[in-house]
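# Chain and residue survey
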Amino acid sequence: MKKKIILLLLLCLINIRAYSLTYGGCDYSLVSRLKSLVTNINISYSYNIIENRPYFDVTITNLIPEVYFVDTLTNSTYTYNTTQDGEITIYNYTGDSGSFKFYSAIDACYGISLGTKYYKFPTYNVYHADPICSDIPNYSLCKKWVKVNYSKEEFEKKVLEYKKTDDVIEEKKDLEPEKTFVDIIIEIYIKYYYYFLGSIIIICSTIIIIHNKKNKFKL
């Protein structure tokens, strides 16, 4: 009886060892290779602002025929055949984040999970183009991509309060273009115009007087 139990345990160990070399019935080394290739898949995005609302286009590159993926937001499935040489762009996302789940497309290993890639979009500030922000675009509440949880009235109140502080003076200075040497000369001339004009008149008058005296002496 003991021999039968020992034999049964040995057979179980052999089966466990054999299964450990596979992944859900698929060769482990193949799954490992596919997972490694999935890490090379890149995700990027661009955006369009339409009626003061952002729409994001997500581009997935470096896809391979052995892998397909599922968009967790729409549950849509995309295979290599739906791409252009391993690249595909999915348009007009309006949320703030999402993910793509990647799976094996090989028949013997079909559907085995190979990993997940996440993406997150920046938060669009619907007030950033408000005229009240025109002279302080670098103020935190006036930036294009920042989360603002205020109503329109609250936002305007915050901005007006900020404009009364000393910080806004420094910010406006930062926005001023750097002056060139020519700009400085022109600025000095305009500021001291009358002094320059007076000096020129005195110098010219002195030259004329000296010249006239010389002419009288010659006579």
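Residues numbered from 1 in each chain as written. Predicted model: local features only at pLDDT ≥ 70, side-chain atom pairs only at ≥ 80, totals over all residues. Heavy atoms only, no water.

## Description of the environment of L114
Along the chain, L114 turns up in strand β9 (residues 113-120). According to the relative accessible area criterion, L114 is buried, its value standing at 5%. Linking L114 and S36, residues 78 residues apart in sequence, is a C-alpha distance of 8.7 Å. In this view, L114 contacts V31, L34, K35, V38, V67, F102, Y103 and S104; residues no more than four positions away in its chain are not counted. (Helix = DSSP H or I, 4+ residues; strand = E, 2+ residues; numbered from the N terminus. Buried < 20%, exposed > 50% of the residue type's maximum accessible area, 1.4 Å probe, protein only. Contact = heavy atoms within 4.5 Å.)

## Some remarks on the side chain of K117
In this structure, K117 sits in strand β9. One buried charge, K117, has no salt-bridge partner; the nearest side chain with opposite charge is E87, at 15 Å. Contact partners of K117, with chain neighbours within four places excluded, come to V38, T39, I41, I43, G98, S99, F100 and F102. (Lys, Arg positive; Asp, Glu negative; His and termini not counted. Salt bridge = Lys/Arg side-chain N within 4 Å of Asp/Glu carboxyl O.)

## What to know about the pattern of salt bridges
Any two side chains of opposite charge can pair, so long as their charged atoms come close to each other. Per the counting criterion, the structure on display carries three salt bridges. Notably, a salt bridge pairs K152 with D130, separated by 2.0 Å at the nearest N-O pair. Remark: D130 occurs in the loop between β9 and α3 (152-163) and K152 occurs in helix α3; sequence separation between them is 22 residues. Given a relative accessible area of 31%, K152 falls into the partly exposed group. Under the relative-accessibility criterion, D130 is labelled buried at 13%. K163 serves as the salt-bridge partner of D135, at 3.1 Å between the closest nitrogen and oxygen. One end of the pair, D135, is in the loop between β9 and α3; the other, K163, is in helix α3, and 28 residues separate them in sequence.

## With respect to the pairing of strand β3 (residues 42-50)
Regular strands place side chains that alternate from one sheet face to the opposite one. Of the pairings in the sheet, the one linking β3 to strand β4 (residues 53-61) comprises nine bridges and is antiparallel in character. Considered in β4, the bridge of N42 is made with T61. (Pairing = 2+ DSSP bridges.)

## Points about α3
With twelve residues, α3 ought to run about 16 Å at 1.5 Å a step, and its terminal C-alpha atoms sit 17 Å apart, in line with that. Among all positions of α3, only F155, V159 and Y162 are buried. The arc that holds every buried residue of α3, seen down its axis, measures 60°, which confines them to one face. Set apart from the buried face of α3 by more than 90 degrees, the exposed residues are E153 and K157. (Expected span 1.5 Å × (residues − 1). Arc of directions from axis to C-beta.)

## Thoughts on the nonpolar core
Considering soluble globular proteins, one finds that nonpolar side chains tend to be buried as a cluster. Of all hydrophobic cores here, the largest spans 23 residues; its most connected members are I60, F69, Y93, F100 and F102. Elements with a minimum of two residues in this core: α2 (28-38), β4, β5 (67-71), β7 (88-93), β8 (97-104) and β9. Residue contacts for F100: discarding those within four places in its chain leaves I43, V58, I60, F69, V70, D71, I90, Y93, G115, T116, K117 and Y119. Ranked by size, the runner-up nonpolar core spans eleven residues in total, among them I136, L141, V148 and Y162. (Core = buried A, V, L, I, M, F, W, Y, C linked by side-chain atoms within 4.5 Å.)

## Some points on α2
Every buried residue of α2 is accounted for by V31, L34 and V38. Down the axis of α2, the smallest arc covering the buried residues is 60°, so these residues share one side.

## Digging into the sheet that holds β3
Ordered in space as β3-β4-β7, the three strands form an open sheet in which the pairing is antiparallel. At either end of the open sheet lies a strand with only one pairing partner, and these are β3 and β7. Neighbour to neighbour, the strand axes of the sheet diverge by 20° on average, direction disregarded. Examined bridge by bridge, β4 and β7 share four bridges and lie antiparallel to one another. Looking at the pairing, F56 lines up with Y93 of β7. (Axes fitted to C-alpha atoms, helices over the stretch in contact; angles between N-to-C directions.)

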